[in-house]
Structures are given as C-alpha cells and as structure tokens.
Amino acid sequence: MTHPFEKSAVKAVYDGFPPDMRAIAMQLRGLIFSVAAETPAVGRVEEALRWGQPSYLTPDTKSGSTLRIGLAKQGGCGIFAHCATDIISTYAATFPGCDKVEGNRAVIFNAQSEIVPDRLRLLVFHALTYHLKR
C-alpha cells in the first residue's frame, strides 16, 4: 500500500533522486509507514524534511527517534538514525555482515534487491519505539 505524500516539499526530494535510488527510498519509506501502522504505540508518523532529507517522527507519542532517508555521500541510498542512539549499532550486531553499515548512523543500499524487509523491519521498529524502552 502506498502512503500518499502530505507535503509537496518531501515529494520533491523523492522526485529529485535518481530513479534507481528513488525506488530504494520509496521501499524504505513504505516500510516505515507499514511498521508504524502495525505498532499502535507509535501513533501517527509525521513526514517532514530535516537536514534536507525526508524524516519520520512520532510527534504525538514521542515514542521514536527520528529516521531519515537520503542519498549517501559514498553512493547508494540509506536509512539514517540519530548517531547518538544505538539503533544502527544494535541492528549491525544482530545481523553482522548482512548489510552495508555506515558507522552508527546508517544502513546503505546500492540496489533495491539488497533490502531484506523482514530484517530491516526490526531496525525500523527499534527506531519508532526507541523512547518507550528508556
């Protein structure tokens, strides 16, 4: 199911991605909205721009840490988490060597086929419920 864009500025960023990176970004975006819909404690997910990247926040429940989707400096498209959290490091430790991980801030994909939704759902769930466990 495709989630409609509520903000034209966010849609414009996605539209500006190269087609292959847009496909990755849209799959990551869909995964965020899907996990949020399956997790009542998350509440509404707000899509906004932060640091020029599409960002996903939980403004009503404040349950989560912001996730961002964007192009990586070294190529590819990634899902980014706040570097002061353990979201990426926990994911990397749970699935060692399975994905291209950029420090404690991102998981990078160079092709849509590299995304394993069942695995990545855990990262998204962890981020969207990050503050519930603290």
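Everything in this summary refers to the structure shown in the same document.

So, how was this worked out
- Residues numbered from 1 in each chain as written.
- Predicted model: local features only at pLDDT ≥ 70, side-chain atom pairs only at ≥ 80, totals over all residues.
- Heavy atoms only, no water.
- Buried < 20%, exposed > 50% of the residue type's maximum accessible area, 1.4 Å probe, protein only.
- Helix = DSSP H or I, 4+ residues; strand = E, 2+ residues; numbered from the N terminus.
- Arc of directions from axis to C-beta.
- Contact = heavy atoms within 4.5 Å.
- Pairing = 2+ DSSP bridges.
- Axes fitted to C-alpha atoms, helices over the stretch in contact; angles between N-to-C directions.

**Section: helix α3 (residues 87-94)**
Thought 1: Considered for burial, the residues of α3 that qualify are I87, I88 and Y91. The buried residues of α3 occupy an angular sector of 90 degrees when the element is viewed end-on, so they sit on one face.
Thought 2: For α3, the elements touching its buried residues are β4 (77-81), β5 (100-102), β6 (106-109) and α4 (117-128).

**Considerations on the sheet that holds β6**
Thought 1: Strand order in the open sheet formed by 6 strands is β1-β2-β3-β4-β6-β5, with antiparallel pairing between adjacent strands. Both edges of this open sheet fall to β1 (46-50) and β5, since each of them pairs with a single strand only. Across the sheet, the mean angle separating the axes of adjacent strands is 25 degrees when strand polarity is ignored.
Thought 2: The sheet contact formed by β4 and β6 spans 4 bridges and is antiparallel. In the sheet register, G78 faces β6, and the bridge partner there is I108.
Thought 3: Across the sheet, helix α1 (residues 8-16) touches β1, β2 (53-57) and β3 (67-71), and the angle it forms with β1 is around 65 degrees.

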